[in-house]
Amino acid sequence: MPREIVTVQLGQCGNQVGSVFWQRLCAEHGINNEGILEEWATDGGDRKDVFFYQADDEHYIPRAILVDLEPRVVNSILSSSHAALYNPENIFVSKDGGGAGNNWAMGYSAGEKHYEEIMEMVDREAEGSDSLEGFMLMHSIAGGTGSGLGSFLLERLNDKFPKKLIQTYSVFPNNTADVVVQPYNSLLAMKRLANHADSVVVVDNSALTRIVADRLHGVEDAAASFTQANQLVATVMAASTQTLRYPGYMNNDLVGIIASLIPTPRCHFLTTSFTPFTSESMDKAKSTRKTTVLDVMRRLLQPKNRMVSTSPSKTSCYISILNIIQGDVDPTDVHQSLLRIRERQMANFIPWGPASIQVAITRKSPYVTTSHRVSGLMLANHTSMASLCKRALDQYDRLRKRNAFLEQYKREKPFAGGFEEFDDSRAVVEELMREYLACENADYISYADTAEQA
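Fair warning: this is a prediction, and the values are worked out from it, not measured in the lab. (Residues numbered from 1 in each chain as written. Predicted model: local features only at pLDDT ≥ 70, side-chain atom pairs only at ≥ 80, totals over all residues. Heavy atoms only, no water.)

Draft legend 1. Focus on helix H12 (residues 331-343). Taking 1.5 Å as the rise per residue, H12 with 13 residues should run 18 Å; its terminal C-alpha atoms sit 19 Å apart, in good agreement. Along H12, the residues that are buried comprise Val334, Ser337 and Ile341. The buried residues of H12 all sit within an arc of 65° when viewed along its axis, so they share a single face. Of the exposed residues in H12, the ones pointing more than 90 degrees away from its buried face are His335, Arg342 and Glu343. Against helix H11 (293-300) and strand E11 (357-362) lie the buried residues of H12. (Helix = DSSP H or I, 4+ residues; strand = E, 2+ residues; numbered from the N terminus. Expected span 1.5 Å × (residues − 1). Buried < 20%, exposed > 50% of the residue type's maximum accessible area, 1.4 Å probe, protein only. Arc of directions from axis to C-beta. Contact = heavy atoms within 4.5 Å.)

Pasting the structure below:
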């Protein structure tokens, strides 16, 4: 029984990443850029119907909804080689075409204005599925459309489909602000990610920039390095859904993956690592000499391969780890690698839960040739996520102390009655930070009771 997933791409970042993601999925399933299955791609043992459905003329169409408030990125997708792939009825671009001006409140208000049109697309895709498992949102949290309209949609999806999973791939901003009101936008979006998403895969721009410069051949051209950063995120997304598309006997649906990573509902912000980055998935990647299971699993634990810039303290530890290993893998190699990692204490775990790395072995796509034998993705729940919350709070406090740039928010409906929304969002993110820090203690199990008493 297929468990379908509908993807929603929001704003400039979401649509650029989504575009690369769909190109990658087409390659991995042997589907050409017009949605037609290649003649040689008939016996891969893959489940295409998780992310695609077939039209009456046998075309494969992505279960994707493209939303933006300004037309530039969507137009570039519609003039690209994969333009014929998408369902034109699933593309929404605001007729005003002005965008959200990097303002969360403008994006949120636009969501209220265009609610009917966007939800009609969502309903159509949901009803067209036999057994919908959930939604995957791609967006960034620093700008206007991805953060504001993304926040609005998260609330509405959670309200309308309470029993469906919502996983987001959220791009967090640089340590230094590219947009002056970025701390406001990020904090407001983080409240919705904490309250309305089941799982948030965090990818941050600082880490992406570092990996592009370090692990790949550093690119002088800014546009090329952006392309590589988008390829990085798309590579992680494709690898994290590999067990759904090339299923084995475990982790073959989204709920299985999420349940194994998120023991308590509030702490659902996941970090990722991937190795190796090769030229098949990335432009101008450096070659990796050797890939054994132990090498891959060891590299996944190295901070330099992490796609999130957190600042772990001495007490920071893993809540859970799931390694998705692709390729030519012998289960005994996995077992021995886990023993070696445990002997050398390469990963510290929480004191109140099982200290084990879970491993899902999955097949590689037979239609994509790779130069390496084994590749791996680590999805991890780590208490250093508290430092990400702290960074967001500090940046917000610096701006808010001066009441800087609040005028443009005051004009919009969510802030018409005052700035309580900011205070509420700050409280939610601070509580999230406290809970991640509490996870490091053995008495975390009673944390909910003590928090309620406080």
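Draft legend 2. View of empty space enclosed by the protein. Overall, the coordinates contain 2 cavities of 30 Å³ or more when judged by the stated rule. The computed volume of the largest cavity comes to approximately 80 Å³. At 4 residues, helix H13 (residues 385-401) tops the list of elements feeding residues into the lining of the largest cavity. Taken as a whole, the second largest cavity spans an internal volume of roughly 40 Å³. Every element with two or more residues in the lining of the second largest cavity is listed here: strand E7 (165-172) and helix H10 (254-261). (1 Å grid on protein atoms, 1.4 Å probe; cavity = no way out; pocket = protein on both sides within 12 Å on 5 of 7 lines; lining within 4 Å. Points joined across faces, edges and corners; volume = space filled by probe spheres on them.)

Draft legend 3. Region of interest: the packing of aromatic side chains. Summed over all chains, the structure comprises 22 aromatic pairs. Ring plane angle 65° and centroid distance 5.4 Å describe the contact between Phe21 and Trp22, whose orientation is recorded as edge-to-face. We classify Phe21 as buried; its relative accessible area is 0%. You can call Trp22 buried: its relative accessible area is 0%. Taken together, a centroid distance of 5.3 Å and an interplanar angle of 85° make the contact between Tyr108 and Phe152 edge-to-face. You can see Tyr108 sitting in helix H3 (residues 104-113) and its partner Phe152 sitting in helix H5 (residues 145-160), a full 44 residues away along the chain. When its relative accessible area of 9% is taken as the criterion, Tyr108 is described as buried. With a relative accessible area of 3%, Phe152 lands in the buried category. Pairwise contacts between aromatic rings join Trp104, Tyr108, Tyr115, Phe152, Tyr184, Tyr396, Tyr409, Phe415, Phe419 and Phe422 into one cluster. (Phe/Tyr/Trp six-rings, centres within 6.5 Å; stacked < 30°, edge-to-face > 60°.)

Draft legend 4. Spotlight on the packing of H3 against H5. Between H3 and H5, whose axes approach to 6 Å, the crossing angle comes to 45°. One element, H3, and the other, H5, form an angle in the oblique class. Once H3 is placed against H5, the crossing between them reads as right-handed. Here Trp104, Gly107, Tyr108, Ala110, Gly111 and Glu112 of H3 lie close against H5, whose contacting residues are Ser147, Gly148, Leu149, Ser151, Phe152, Glu155 and Arg156. For the contact of H3 with H5, the residue count by class is 5 nonpolar, 5 polar and 3 charged. (Axes fitted to C-alpha atoms, helices over the stretch in contact; angles between N-to-C directions. Parallel < 35°, antiparallel > 145°, perpendicular 65-115°, else oblique. Left-handed = near helix turned anticlockwise from the far one by under 90°. Nonpolar A, V, L, I, M, F, W, Y, C, P; charged D, E, K, R; others polar.)

Draft legend 5. Up close: the pairing of strand E1 (residues 4-10). Most of E1 sits inside the fold, with 7 of its 7 residues counted as buried. Here E1 shows no split at all, with Glu4, Val6, Val8 and Leu10 on one side and Ile5, Thr7 and Gln9 on the other all buried. In this sheet, strand E6 (residues 132-140) lies alongside E1 in parallel orientation, the contact comprising 6 bridges. Paired with Glu4 across the strands is Leu132, a residue of E6. As defined by bridge partners, E1 adjoins strand E4 (residues 64-68) across 4 bridges and the pair is classed as parallel. Its bridge partner being in E4, Val8 is matched across the sheet by Ile65. (Pairing = 2+ DSSP bridges.)

Draft legend 6. Highlighting the packing of H5 against helix H6 (residues 182-196). In contact at an axis separation of 9 Å, H5 and H6 are set at 15° when each is read in the N-to-C sense. Between H5 and H6, the crossing angle belongs to the class labelled roughly parallel. Crossing of H5 against H6: the hand is left-handed. Seen from H5, the contacting residues are Ser147, Ser151, Leu154, Glu155 and Asn158; seen from H6, they are Asn185, Leu188, Ala189, Arg192, Leu193, Asn195 and His196. Partitioned by chemical class, the residues of the contact of H5 with H6 number 4 nonpolar, 6 polar and 2 charged.

Draft legend 7. Main features of the side chain of His268. Counting through the fold element by element, His268 comes out in the loop between H10 and strand E9 (269-275). A polar side-chain atom of His268 sits 2.7 Å from the main-chain carbonyl oxygen of Pro265. Non-local contacts of His268, meaning those with residues more than four positions away in its chain, are made with Leu193, Ala194, Ala197, Asp198, Ser199, Val200, Ile262 and Tyr436. (Polar contact = N/O pair within 3.5 Å; in protein donor to acceptor, adjacent residues only side chain to side chain.)

Draft legend 8. Broad picture of the environment of Ala427. Position of Ala427 among the secondary structure elements: in helix H15 (residues 420-438). Between the C-alpha atom of Ala427 and that of Val334, which follows or precedes it by 93 residues, the distance is 42 Å.

Draft legend 9. Region of the structure containing unusual backbone geometry. The linkage connecting Thr275 with the following residue, Pro276, adopts the cis geometry, with an omega of -10°. In this fold, Pro276 is placed in the loop between E9 and H11. A positive phi angle is found at Glu58, which is not glycine, with a value near 75°. Looking at the secondary structure, you find Glu58 in the loop between strand E2 (52-54) and strand E3 (60-62). One non-glycine residue, Asn251, lies in positive phi territory at about 55°. Take Asn251: it is sitting in the loop between helix H9 (242-245) and H10. Note on Asn251: relative accessible area 12%, which makes it buried.

Functional significance is not addressed by these values, which are geometric in nature.
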